[in-house]
Amino acid sequence: MISLLSRLLIKDYENTGDPGVRQKYGMLCGSVGIFLNVLLFAGKFLAGWFSHSVAITADAFNNLSDAGSSVVTLVGFHMAGQKPDPDHPFGHGRIEYISGLIVAFIILLMAFELLQSSVQKILHPEEVTATPLVIAILIISICVKLYMSLYNRSVAKKIDSAAMDATAKDSISDSLATAVVLATTLLARFAGIQIDGWC
């Protein structure tokens, strides 16, 4: 999808050494990331609500924070692509590294929030109801996050971007986290084992 969109939306898309093309790649990936993460948030939030699962709901909010990370990436690439000025004679390229650092901070903040909600679920357990729809949403989410990791890694290599590489790694960790949530949901449905808070 990113390859098709880059051909359609980025003039001279193969010239990745050009700062303008590089900026457009970053902004395109940021925009797609926002769109996909908001969709994943909506789907998982509903799945978490229907199933009474704190793990699924926390995973949904993780996707919402990923949408925020994509906004940071988008803004970072926009600012990094600005032309040099008297205050920044070498340009604004370092902003991209700062945006990568902000993405890392958002990931750590989400980890802390997930830890808090998990402890609450362990102390006050609630039975998880895993319907086929909930399971389907989680499987689709894993596939979407793996796809996002692949395209972000591909673009990171193409334009040599630390921010895109950080986003690709975040997508891999998200797919693994959702796989754990899926395993928990399947255990609740088929074995009656309730370890939602622990996972």
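Predicted model only: the values in this text are computed from it and were never measured. (Residues numbered from 1 in each chain as written. Predicted model: local features only at pLDDT ≥ 70, side-chain atom pairs only at ≥ 80, totals over all residues. Heavy atoms only, no water.)

Q: Outline a nonpolar patch on the surface, supporting the account with residue identities and numerical values.
A: A cluster of nonpolar side chains, namely Phe45, Leu46, Trp49, Phe50, Phe61 and Leu64, defines an oily patch on the protein surface of about 600 Å² accessible area. Listing elements by their share of the nonpolar patch, those giving two or more residues are α2 (19–51) and α3 (54–80). When residues of the nonpolar patch are assigned to their parent elements, the largest contribution, four residues, is made by α2. With respect to the helices, strands and loops of the structure, Leu46 is situated in helix α2. Classification of Leu46 by relative accessible area gives partly exposed; the value is 43%. (Patch = residues over 30% accessible without salt bridge, like charges linked within 9 Å, V, L, I, M, F, W, Y side chains within 5 Å. Areas by Shrake-Rupley, 256 points an atom, 1.4 Å probe, with all protein chains shown as cover. Salt bridge = Lys/Arg side-chain N within 4 Å of Asp/Glu carboxyl O. Helix = DSSP H or I, 4+ residues; strand = E, 2+ residues; numbered from the N terminus. Buried < 20%, exposed > 50% of the residue type's maximum accessible area, 1.4 Å probe, protein only.)

Q: Help me get a handle on the layout of surface pockets, residues and values and all.
A: Of the pockets and cavities examined, the largest pocket occupies roughly 390 Å³. Residue assignment for the lining of the largest pocket shows that the elements contributing at least two residues are α3, α4 (95–123) and α6 (162–190). For the lining of the largest pocket, the element with the highest residue contribution is α4, accounting for nine residues. Along the lines of polarity and charge, the residues of the lining of the largest pocket split into 14 nonpolar, five polar and five charged. (1 Å grid on protein atoms, 1.4 Å probe; cavity = no way out; pocket = protein on both sides within 12 Å on 5 of 7 lines; lining within 4 Å. Points joined across faces, edges and corners; volume = space filled by probe spheres on them. Nonpolar A, V, L, I, M, F, W, Y, C, P; charged D, E, K, R; others polar.)

Q: So what's going on with unusual backbone geometry? Which residues, and what values?
A: Even without a glycine there, the phi angle at His52 is positive, about 65 degrees. As for its position among the elements, His52 is in the loop between α2 and α3. If you check the backbone angles, Asp160 has positive phi at about 55 degrees while not being a glycine. Summarising the element assignment, Asp160 is placed in the loop between α5 (132–159) and α6. A relative accessible area of 63% means that Asp160 is categorised as exposed.

The analysis is restricted to geometry; functional conclusions fall outside its scope.
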